[in-house]
Amino acid sequence: MNDVRKPVFTPAELEAFVAEIFPQIHTGGQIYHIEALRPMGARIRLRYDARLLRPGGTIMGPAMFQLADYGAYVAIMGMAGRDAADAVTSNLNITYLRRAAARDMIAEVSLFKIGRRLAIGEVQMFTEGEPEMVAHAVVTYAMPVAAGSPS
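Below is a short write-up of the structure. The shown structure was predicted, so the numbers you read here are calculated from the model rather than taken from an experiment. (Residues numbered from 1 in each chain as written. Predicted model: local features only at pLDDT ≥ 70, side-chain atom pairs only at ≥ 80, totals over all residues. Heavy atoms only, no water.)

Notes on the overall build of the chain
Okay, step 1: When helices and strands are tallied, the chain shows two helices and eight strands.
Okay, step 2: Put simply, the chain runs from its N terminus to its C terminus through helices and strands in the order α-β-β-β-β-α-β-β-β-β.
Okay, step 3: Its C-alpha radius of gyration of 15 Å places the chain within 12% of the 15 Å reference for a compact globule of 151 residues.
Okay, step 4: Along the first, second and third principal axes, the C-alpha atoms of the chain reach 45 × 30 × 25 Å.
Okay, step 5: Contacts in the chain between residues at least 24 apart in sequence constitute 67% of all its contacts with a sequence separation of at least 6.
Okay, step 6: For the chain, the computed accessible surface area is about 7500 Å², with 54% contributed by carbon and sulfur atoms.
Okay, step 7: Separation between the mean location of the 15 positive side-chain charges and that of the 15 negative ones in the chain comes to 4 Å. (Helix = DSSP H or I, 4+ residues; strand = E, 2+ residues; numbered from the N terminus. Rg over C-alpha atoms; globule rule 2.2 N^0.38 Å. Contact = heavy atoms within 4.5 Å. Areas by Shrake-Rupley, 256 points an atom, 1.4 Å probe, with all protein chains shown as cover. Lys, Arg positive; Asp, Glu negative; His and termini not counted. Charge placed at Lys NZ, Arg CZ, Asp CG, Glu CD.)

Listed below in structure tokens is the structure:
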């Protein structure tokens, strides 16, 4: 069954809300950008920064992990609104598939479910300009009491 609800924020509105409630995400400069919100999904860009590189010139795994986590959080808030700001990661399983080149990364987030207690989705991550996925994550968030819709 497809969810027909629409996002409750525009990308600009959600970026402003995140900056208000979670300013530390942009410490050292804003590198995460919400490019699109869609029903049950989002597209997030991680701007390339040399601080994200590991020896060998590849984007480090922890940066991709954070991109997956942040992307899921943004997609959930995009659908559930301000009440979802207190949602927390319950589980995140990531598989690194290939080397991530030293360029911007794109996360395509798809949510499968936003329920009363849990939100579940996946994140496909790509290096800008390359069609092959570099990492894949499955994410579960624990929802605050008032944020989710009925299961």
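Re helix α1 (residues 11-21)
Okay, step 1: For α1, the full list of buried residues reads Leu14, Phe17 and Val18. Taken end-on, α1 shows its buried residues confined to a sector of 100 degrees, consistent with a single buried face. Exposed and oriented more than 90 degrees from the buried face of α1 are Ala12 and Glu20.
Okay, step 2: Check the buried side of α1 and you find it contacts β1 (32-38) and α2 (61-80). (Buried < 20%, exposed > 50% of the residue type's maximum accessible area, 1.4 Å probe, protein only. Arc of directions from axis to C-beta.)

Some points on the nonpolar core
Okay, step 1: Grouped together as the largest cluster of nonpolar side chains are 48 residues, with contacts concentrated most on Leu14, Ile44, Met64, Met105 and Met125.
Okay, step 2: Of all elements in the fold, only α1, β1, β2 (41-46), α2, β5 (88-96), β6 (105-114), β7 (118-127) and β8 (133-142) reach the threshold of two or more residues within this core.
Okay, step 3: Setting aside residues no more than four positions away along its own chain, methionine 125 makes contact with Met64, Leu67, Ala68, Ile94, Met105, Ile106, Ala107, Met133, Val134, Ala135, His136 and Ala137. (Core = buried A, V, L, I, M, F, W, Y, C linked by side-chain atoms within 4.5 Å.)

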